[in-house]
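# Coordinate analysis (summary)
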Amino acid sequence: ATAGPRSFSAAEVRARCAQGACLVSCHRRLYDLSGFVRLHPGGEQMLRRRAGTDVSAALDGPPHRHSANARRWLEQYYVGEIEPGDEQVPPRGRTGTGCQIAVPVLCGISGPRRAARPRAWPGRSGFSPGTGDLVDWQKPLLWQVGYLGEKYDEWVHQPVDRPIRLFHSDFLEFLSKTAWYVVFMVWTPVVLYLSWVSYTSLAQGNTRLFSSFTTEYSIPVHKYYFPFIFLLGMILWSLLEYLIHRFVFHMKPPASNYYLITLHFLLHGQHHKSPFDSSRLVFPPVPASLVIGFFYGVLRLLLPEMLGLSVFVGGLCGYVIYDMMHYYLHYGSPKKGTYLYGLKAYHVKHHFEHQRSGFGISTRFWDYPFRTLIPEETFKKED
C-alpha cells in the first residue's frame, strides 16, 4: 500500500523557516522552495517574505497571475500536508484558485494522487517523476521524443526542474554541455583579436565600398568608422537572434516526422523542457563554431573583406553578450526595477506561458515591429 503524505505542524514549519528553509503552503499542501528561491523571476526576497505563509491568493496575483505551467512546476516541491486546523487563511480574505489544478502525466510531474507520496527533504533534489510519464528519464531522451508524435508539442512546453541526458555516448553528452564561462573564455579573445585586425587593416586606407562595381564612385572606409560598423554588427546580431529563436528554435515539427521532432528537441526543445538545466543554457563552442563560420562566409561574399570582418566581429560580440545574458536571465537575481529584472520576468513568461511570443532575449525591441510582444497583465481593482 502507498504511504500517505507526511503531515507537518505549523510549529514545525515555522522552525524550518527560522533555520533558513523557504516553505509555503497552498491551502493544506506544503511546498519547500528552498532550492528555487534564487531562480524565482520575482526575486529571492519576494519568496523569502512569503516563507511560512499560504500563497494560494498570491498565485492569482497581483503583481503576476501564475500560469498553469507555474502551478505544475510548484508540484515538484511538494513535501506533505499541513496538519488539520493549522492551515492559514489566505491574506485579504481571498481564496483564489491557488494550486487547484490537475497535473497531467504529460509534463513528467506527479499528478494530485501521485504527488501525495512522501518525498525526500528538501524540495528539489529528491524529485522523481511517476512511472506514467511519456518518456523514460533514466535513459537518454533524444532518441525517445520523436515517438511522442502529436503529444510532443504539449509535452515539451510543460517544463520540469531536472537535468536532461541526451546521448548514450559520454563523449557526445560532454560536448552537448557547456558552462556559461566557457563561451566567454573561448570567444572573447577572438572578438578582441579580430577587432584589432579590422581596425589596423582599415587604418591602411585600402578598404572601399562598391569598389567591385566602380572605382570612380567607391566610398573609402576609414578606421574611424570601425566603432559604428562594429555597432551595426551587434544590431544585426540582435535581429538574427530574434529570427533564429522564432523561426528555427520555435518551429512546430510535424507530428508524423520523427527526425524533425528529434532535431527540434536537440536545438531548443530540451531547453524548454528543462529551463534551469545550468549546463544547457549557452551554445557549446564546437557546434557554435560551425554556425559562426557559416555567417562569416556569407559576409565575406557580400562585403569587402575588412568591412565584412568588422561587421562580423560586432555580431560575434553581440552573440557573446546574448549568451551571457541568457544564462543570467535564468540564474541571476537582478535588482527589482532594473532593465534585467524586467527582462528576466519577460523571458520566464516566454518559457511558462507565452511560448509563441516574446522571442527577444537580450532585447525586446524586435518583438515590437514583428508584433510578438508579450502583453502586460492587468488586474481589476478590488473594492
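Residues numbered from 1 in each chain as written. Predicted model: local features only at pLDDT ≥ 70, side-chain atom pairs only at ≥ 80, totals over all residues. Heavy atoms only, no water.

### Overview of the sheet that holds strand β4 (residues 78–82)
Taking strand neighbours across the sheet as the criterion, the four strands line up as β1-β4-β3-β2 in an open arrangement whose pairing is mixed. Bordering the open sheet on either side are β1 (7–8) and β2 (23–26), each of which pairs with just one other strand. Two elements, β2 and strand β3 (residues 29–32), share four bridges in a ladder whose sense is antiparallel. Across the sheet, residue leucine 23 finds its bridge partner in β3, namely aspartate 32. (Pairing = 2+ DSSP bridges. Helix = DSSP H or I, 4+ residues; strand = E, 2+ residues; numbered from the N terminus.)

### Quick word on a nonpolar patch on the surface
Together, Phe247, Val248, Leu260, Leu263, Leu266 and Leu267 make up an exposed nonpolar region whose accessible area comes to about 450 Å². Within the residue set of the nonpolar patch, elements represented by two or more residues are α7 (226–249) and α8 (258–273). Looking at where leucine 267 falls in the secondary structure, it is placed in helix α8. Judged by its relative accessible area of 32%, leucine 267 is partly exposed. (Patch = residues over 30% accessible without salt bridge, like charges linked within 9 Å, V, L, I, M, F, W, Y side chains within 5 Å. Areas by Shrake-Rupley, 256 points an atom, 1.4 Å probe, with all protein chains shown as cover. Salt bridge = Lys/Arg side-chain N within 4 Å of Asp/Glu carboxyl O. Buried < 20%, exposed > 50% of the residue type's maximum accessible area, 1.4 Å probe, protein only.)

### Let's talk about α8
Compared with an ideal rise of 1.5 Å per residue, which puts 16 residues at 22 Å, α8 spans 18 Å between its outermost C-alpha atoms and falls more than 12% short. Residue leucine 266 marks the point of greatest curvature in α8, where the axis turns by about 60 degrees. For α8, the secondary structure elements touched by its buried residues are α4 (152–156), α7, α10 (305–331) and α11 (339–352). Its side-chain oxygen placed 3.1 Å from the backbone nitrogen of tyrosine 259, asparagine 257 serves as the N-cap of α8. (Expected span 1.5 Å × (residues − 1). Bend = angle between axes of the 7 residues up to and from the residue. Contact = heavy atoms within 4.5 Å. Polar contact = N/O pair within 3.5 Å; in protein donor to acceptor, adjacent residues only side chain to side chain.)

### Focus on the UniProt feature "binding site: Zn(2+) 2" (unreviewed entry) in the protein chain
In the UniProt entry, the feature "binding site: Zn(2+) 2" (unreviewed entry) is given for His271, His326 and His330. Spatial clustering of the annotated residues is evident: they stretch over 60 residues in sequence, but the largest pairwise C-alpha distance comes to 11.5 Å. Checked against the element boundaries, histidine 326 lands in helix α10. Judged by relative accessible area, which is 6%, histidine 326 ranks as buried. If we ignore the near neighbours within four places in the chain, the residues touching histidine 326 are His271, Leu281, His347 and Ile361. (UniProt positions renumbered as here; feature names shortened; annotations may be inferred.)

### Here we look at the pattern of salt bridges
Inspection of the entire model under this criterion finds 12 salt bridges. Note that arginine 48 is salt-bridged to glutamate 44, the shortest N-O span being 3.4 Å. Taken together, the residues arginine 48 and glutamate 44, both in helix α2 (residues 44–49) and four residues apart, mark about one turn of the helix. With relative accessibility at 29%, the residue arginine 48 sits in the partly exposed group. Glutamate 44 sits in the partly exposed class, given a relative accessible area of 24%. Put simply, aspartate 60 and arginine 71 hold a salt bridge, and the shortest N to O gap is 2.9 Å. Taken as a pair, aspartate 60 in the loop between α2 and α3 (68–74) and arginine 71 in helix α3 lie far apart in primary sequence, 11 residues in all. Residue classification places aspartate 60 among the buried residues on the basis of a relative accessible area of 13%. Take arginine 71: its relative accessible area is 8%, and that puts it in the buried class. What you see here is one network of salt bridges that share partners, running through Glu173, Lys177, Asp277 and Arg280.

### So, helix α9 (residues 285–302)
Taking 1.5 Å of rise per residue, the 18 residues of α9 would be expected to cover 26 Å, and the 25 Å separating its terminal C-alpha atoms lies within 8% of that figure. When α9 is considered as a whole, its buried residues turn out to be Ala288, Ile292 and Leu299. Relative to the axis of α9, the buried residues are bounded by an arc of 25 degrees and lie together on one face. Relative to its buried face, α9 has exposed residues pointing more than 90 degrees away, namely Val286, Leu290, Phe294 and Leu301. Against the buried residues of α9 lie α6 (180–203) and α10. (Arc of directions from axis to C-beta.)

### Looking at the packing of α10 against α11
Running from N to C, α10 and α11 cross one another at 80 degrees; their axes reach a closest spacing of 9 Å. When the interaxial angle is binned, α10 and α11 end up roughly perpendicular. Side by side, α10 and α11 meet where Met325, His326, Tyr328, Leu329, His330 and Tyr331 of the first sit next to Tyr339, Leu340, Leu343, Lys344, His347 and His351 of the second. The residue makeup of the contact of α10 with α11, split by class, is seven nonpolar, four polar and one charged. (Axes fitted to C-alpha atoms, helices over the stretch in contact; angles between N-to-C directions. Parallel < 35°, antiparallel > 145°, perpendicular 65-115°, else oblique. Nonpolar A, V, L, I, M, F, W, Y, C, P; charged D, E, K, R; others polar.)

### A closer look at the environment of valine 313
In this structure, valine 313 sits in helix α10. Judged by relative accessible area, valine 313 falls into the buried class, the value being 0%. For valine 313 and leucine 192, which are 121 residues apart along the polypeptide, the C-alpha to C-alpha distance reads 8.6 Å. Excluding residues within four positions of it along the chain, valine 313 makes contact with Val191, Leu194, Ser195, Ser198, Phe226 and Phe230.

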